[in-house]
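# What the coordinates show
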Amino acid sequence: MIFLSLFSLVIIYIFGSTQDPFCRLQGQPSQPMFSQNGDIVIGGIFSMHYNLILRKPTFNVIPEPLKCKGFVNNSFQFAQAMVFAIEEINNSTDLLPEISLGYKIFDGCSFPLLAIKGAMELINGPEDEMTFNESCSKSFFAPGLIGQSDSTSTIGMAATLGPFHIPVVSHFATCACLSSRKEFPSFFRTIPSDYYQSKALAQLVKHFGWTWVGTVRSDNDYGNNGMATFIQAAQLEGVCIEYTEAIYRTNPRERFLRTVEVIKQSTSKVIVAFVSVVDMEFLINELLLQNVTGFQWVSSEALFSGKNLATEANFKIVGGAIGVAIVNALMPGLKDFLLNIHPANDPGNIGLNTIWENTFNCSLSSQDNSSSIKKCTGSENLEEIRNDYTDVTDLGVTNNVYKAVYAIAHSLHNLITCQNKAQFENHKVCLDKKQIEPWMVLHYLKSVNFTTRSGDIVYFDSNGDPVAKYNLVNWQLTKEGVTQFVIIGVYDASLPEGQQFKMKNVPIIWAGNQYKVPKSVCSELCPPGTRKAVQKGRPLCCFDCIQCAEGEITNKTEYKSNKQRDLCILKEIEFLSCDEIMGVVLVIFSLLGTCATVATASVFFHFRQTPIVKANNSELSFLLLFSLSLCFLCSLTFIGEPSNWSCMLRHTAFGITFVLCISCVLGKTIVVLMAFRSTLPGSNVMKWFGPHQQRFTVFAFTLIQAIICLLWLILSPPFPYQNTTHYVEKIILECALGSTVAFYAVLGYIGFLSAISFVLAFLARNLPDNFNEAKYITFSMLIFRAVWITFIPAYVSSPGKYTVAVEIFAILVSSFALLFCIFAPKCYIILLKPENNTKKKLIGKSTIK
């Protein structure tokens, strides 16, 4: 302690007292990869290389500056996206008018020390201009920083700059730990937190029935925190972890070999990876050497953002992988901007030289006389290159850089234009535009809200995070050997719980180029006559199946205990069956309705030449009877054990047949109104609604419902579902709607047509005619609408099989109402009052009172 005190006094004596500190450069300043002056300079730090050139210090000379290796193409694209956004803002007349933005972009090299060093140089200004007599109490150089590309480096930056209220906006740091406002008060990001993708991965694993998985993670903040969140979410979903391995790019090969051996010896067939692109590349290379294939990979967004991994050779190892990916975006003009760069346009720009030399494997230096590296001619063409820098097919992360730049620009704009001035009256923020402090930008960044040119809405929540939304993707290989990431679903954290995870009905390619979902369980389900016995010291997913005691039984899927809690008994499985009384009664009424419809059609066909049949549009009448018979028969599809085809058929058949039926009724109603109008002097209205127009009307109305049902079946069809939550003691087999919106769209369209029919028939009910069909249609539509209005609350509140019974009952009652109200009066006259079935009786007029 005495020695440290004396040392401190010597330092103070040499460099000045504590009351008047002076700055002195203690090392060599870093050179920015990209730079441009401006009224306000925004800093940027990206990992443009993925590793360091390690040198052992000799302690005889001052160590040389740290140097990087391992060129990262997409990080240079990120840096150029930042330049692109700043130039776009400078050319804008709406955002920061009369103020030019500059930039200084450093290489963080995926190393926290270099990231923090670059950040300090950005906020303190150019260190090479500091002198002994320059005070350290100087203004900040950059009011905000963009970066970093990895979580570990970003944590170091955010923790260092947070106490100074300097905003840091990251495009790719996803660690959930960065959402802590206590530890990182000035941190923001335009990419969602790993907390949400961990939940999405857990739900994805559960969706495919995998309860036994291994895990691999990067041994850094990104991997460790992400995997910890995944394991918590997986345990809530009933998923067990067999092993968890940590890897890192700088580990010796023996560590990777140990991880590969663990994977080879494992019994789980699914591997969940929370691994950065670089670390994953090291692991895949070792798996290729060891020929370890056949495992189903489930990965975080890193695997699907590294295009350099998406090769035909790597497909042998991780082909068929599924996971989350950042939502793609459009950035108009970026491709031309990326391809139009040239070192000659800005000779002093290190970044452009680096891109050029690494892309074309040549040297721009006149001092490099090495024969192994050719000289750059300057005539090389980037348009002929296909790599992660020139590829603009997937710009999800690149767009995050773009949004981060615009977020800071909008904050500066709101600050300079004196918005919310009253909050800063004590500091006089708006009096001098040159006196911008980072804490002012930080304040406005918290409330920023804008829409980009491509339609993205950008804002931050109280933790500095954006709304989490991911694509669920599958790594597939085309016949031409081209890798593609196919979207198989979406995860949207902004939706209510239970609706955030949605799978699309698209084919998935699994590990080994298989089309069947692989199995990964620790123990198979116990067969009948046995029960589970948990294995000591192992997770709950691992169990033995032992013989049940005498009098005890189990089911393959679910079982329960009896009232005495001393026996295992099979849970009751409930669905509306034709073997029970309720099912039999509904089948009988369905068949009776069909027979009554056929009988009515027979009567009409036999007496088709009589005036009453001709007068009521026989063609629409026969079509209406045909549709009514289908309505009665479609109720049979609701009875019996639900299956894939019955679930899809029952709702779509019901929707289409009822619309066909209502369309015929609507056509008949219109004919009645038109027929009356045609009797007026000089009216020729019937020529506008003749038989051809009637057929077209029915076809058009029915086609709309058919399209709705087709979209329903394609996007989110109904499917059989075991409901074990409504009752503890029984399992309800039912048809899940798939898309509730589509179901109510089908019902709503039927209700819409029936409402039009009712209104038109009601208006025509008192037309002067001895036999006016409109009043019977009015009564039938009144009953029809009353049935279906009462159906909705009854349907929602009915439990189990009674839900299906209520729907069948509504179908039968409404069908009988149409049949009897419209056709019973006609059959009565045809069969029992034939003397009234004459032309004279029909054309006779009645007096309107």
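For clarity, every value in this text was computed on a predicted model and none was experimentally measured.

Conventions used here
Residues numbered from 1 in each chain as written. Predicted model: local features only at pLDDT ≥ 70, side-chain atom pairs only at ≥ 80, totals over all residues. Heavy atoms only, no water. Helix = DSSP H or I, 4+ residues; strand = E, 2+ residues; numbered from the N terminus. Buried < 20%, exposed > 50% of the residue type's maximum accessible area, 1.4 Å probe, protein only. Contact = heavy atoms within 4.5 Å. Areas by Shrake-Rupley, 256 points an atom, 1.4 Å probe, with all protein chains shown as cover. Pairing = 2+ DSSP bridges. Right-handed = clockwise from strand over helix to strand, strands pointing away. Salt bridge = Lys/Arg side-chain N within 4 Å of Asp/Glu carboxyl O. Phe/Tyr/Trp six-rings, centres within 6.5 Å; stacked < 30°, edge-to-face > 60°. Lys NZ or Arg CZ within 6 Å of the ring centre and 35° of its normal. Axes fitted to C-alpha atoms, helices over the stretch in contact; angles between N-to-C directions. UniProt positions renumbered as here; feature names shortened; annotations may be inferred. Core = buried A, V, L, I, M, F, W, Y, C linked by side-chain atoms within 4.5 Å. Left-handed = near helix turned anticlockwise from the far one by under 90°. pLDDT = per-residue confidence, 0-100.

Here the focus is the overall build of the chain. Scanning the chain for helices and strands turns up 23 helices and 27 strands. Put simply, the chain has 849 residues, and 48% of those count as buried. Put simply, of all contacts in the chain between residues at least 6 apart along the chain, 69% involve residues at least 24 apart. With an accessible surface of roughly 41900 Å², the chain has 59% of that area assigned to carbon and sulfur atoms.

Of all 5 residues in strand S11 (residues 270-274), 5 are buried; the element is thus mostly enclosed. Burial of S11 is two-sided: the residues Val270, Val272 and Phe274 facing one way and the residues Ile271 and Ala273 facing the other way are all buried. Judged from the 5 bridges that link them, strand S9 (residues 212-218) and S11 form a sheet pairing that is parallel. By the bridge assignment, Thr215 is partnered in S11 with Val272. Crossover handedness for the path S11 to helix H8 (residues 277-290) to strand S12 (residues 296-299): right-handed.

Enumeration over the complete set of coordinates arrives at 9 salt bridges. Among the ionic pairs, Arg453 bridges to Glu88, the shortest N-O distance being 2.8 Å. Taken together, the residues span a long stretch of sequence, with Arg453 in the loop between strand S16 (449-451) and strand S17 (457-459) and Glu88 in helix H2 (residues 73-90) at a distance of 365 residues. In this structure, the salt-bridge partner of Arg189 is Asp465, at a minimum N-O distance of 2.7 Å. Of this pair, Arg189 sits in strand S8 (residues 187-189) while Asp465 sits in the loop between S17 and strand S18 (469-477); the two residues are 276 residues apart in sequence, bridging distant segments of the chain. For the pair Arg189 and Asp465, a shared accessibility class is recorded, and that class is buried.

What follows deals with the packing of aromatic side chains. On inspection of all chains with the given rule, the structure shows 24 aromatic pairs. Ring centres 4.8 Å apart and planes at 45 degrees place the aromatic pair Tyr402 and Tyr406 in the tilted group. Placement of the pair is Tyr402 and Tyr406 together in helix H13 (residues 396-416), with a separation of 4 residues, close to one helical turn. Each of the two residues, Tyr402 as well as Tyr406, counts as buried. What links up through ring pairs into an aromatic cluster is the set Phe84, Phe337, Tyr402, Tyr406 and Phe450. One Lys or Arg, Lys826, reaches over the ring of Phe823 and ends 5.6 Å from the middle of that ring.

As for its placement among the helices and strands, Gln705 is situated in helix H19 (residues 691-715). By relative accessible area, Gln705 is classed as buried at 0%. Setting aside its immediate chain neighbours within four residues, Gln705 contacts Gly655, Ile656, Val659, Val746, Tyr749 and Ile750.

With mixed pairing, 8 strands are arranged side by side in an open sheet as S10-S9-S11-S12-S13-S18-S19-S20. The open sheet has two edge strands, strand S10 (240-247) and strand S20 (501-503), and neither has a second partner. Neighbour-to-neighbour, the strand axes of this sheet turn through a mean angle of 30 degrees, independent of strand direction. As judged from the 2 bridges shared by S12 and strand S13 (residues 322-326), these two strands associate in the parallel manner. By the bridge assignment for S13, Ser299 is matched with Gly323. Together, S9, S10 and S11 form the strand contacts of helix H7 (residues 253-265), whose direction differs from that of S10 by roughly 165 degrees.

Here we have 3 strands laid out as an open sheet, ordered S25-S27-S26, and mixed in their pairing. Taken across any chain shown, the strands that pair with only one partner, and hence form the sheet edges, are strand S25 (572-574) and strand S26 (719-723). Taken over all neighbouring pairs, the strand axes of this sheet differ in orientation by 25 degrees on average, direction set aside. Relative to strand S27 (residues 730-736), S25 runs parallel, the two sharing 3 bridges. When the bridges of S27 are listed, Glu572 appears paired with Lys730.

Residues given the UniProt feature "transmembrane region" (unreviewed entry) here are residues 581-607, 619-640, 652-676, 696-715, 741-764, 776-796 and 808-831. This span, residues 581-607, is 96% helix and 0% strand, and a straight line between its end C-alpha atoms measures 39 Å. When the span residues 696-715 is considered, its composition is 100% helix and 0% strand, and the gap between its end C-alpha atoms is 28 Å.

Another aspect to go through is the nonpolar core. One recurring pattern in soluble globular proteins: nonpolar side chains tend to sit buried together. If you look at the biggest cluster of nonpolar residues, it comprises 67 residues, and the most contacted ones within it are Phe34, Phe46, Met82, Leu96, Leu101, Ile105 and Ile146. Of all the elements, H13 adds the most residues to this core, at 12 residues. When neighbours within four sequence positions are excluded, Leu96 is seen to be in contact with Ile89, Leu101, Ala409, Leu412, His413 and Ile416.

Moving on to the environment of Gln36. Along the polypeptide, Gln36 turns up in strand S1 (residues 34-36). According to the relative accessible area criterion, Gln36 is partly exposed, its value standing at 31%. In contact with Gln36, other than residues within four places in its own chain, are Glu87, Asn90, Leu101, Gly102 and Tyr103.

At a minimum axis distance of 8 Å, the contact between helix H3 (residues 112-124) and helix H4 (residues 151-161) shows a crossing angle of 35 degrees. Regarding H3 and H4, the two cross each other, and that crossing is right-handed. Residues Pro112, Ala115, Ile116, Ala119, Met120 and Ile123 of H3 lie in contact with H4, whose contacting residues are Thr152, Ser153, Gly156, Met157, Thr160 and Leu161.

Here we come to the confidence of the model for the chain. On average, the chain scores 81 in pLDDT, and the residues at 70 or more come to 84%. Across the chain, S8 holds the top mean pLDDT of 96, while helix H1 (residues 2-15) sits lowest at 38. Taken as a whole, residues 1-20 scores under 50 in pLDDT and shows 6 contacts with residues more than four places along the chain or in a different chain. For residues 130-135, every residue scores under 50 in pLDDT, and the model assigns this stretch 14 contacts once sequence neighbours within four places are set aside.

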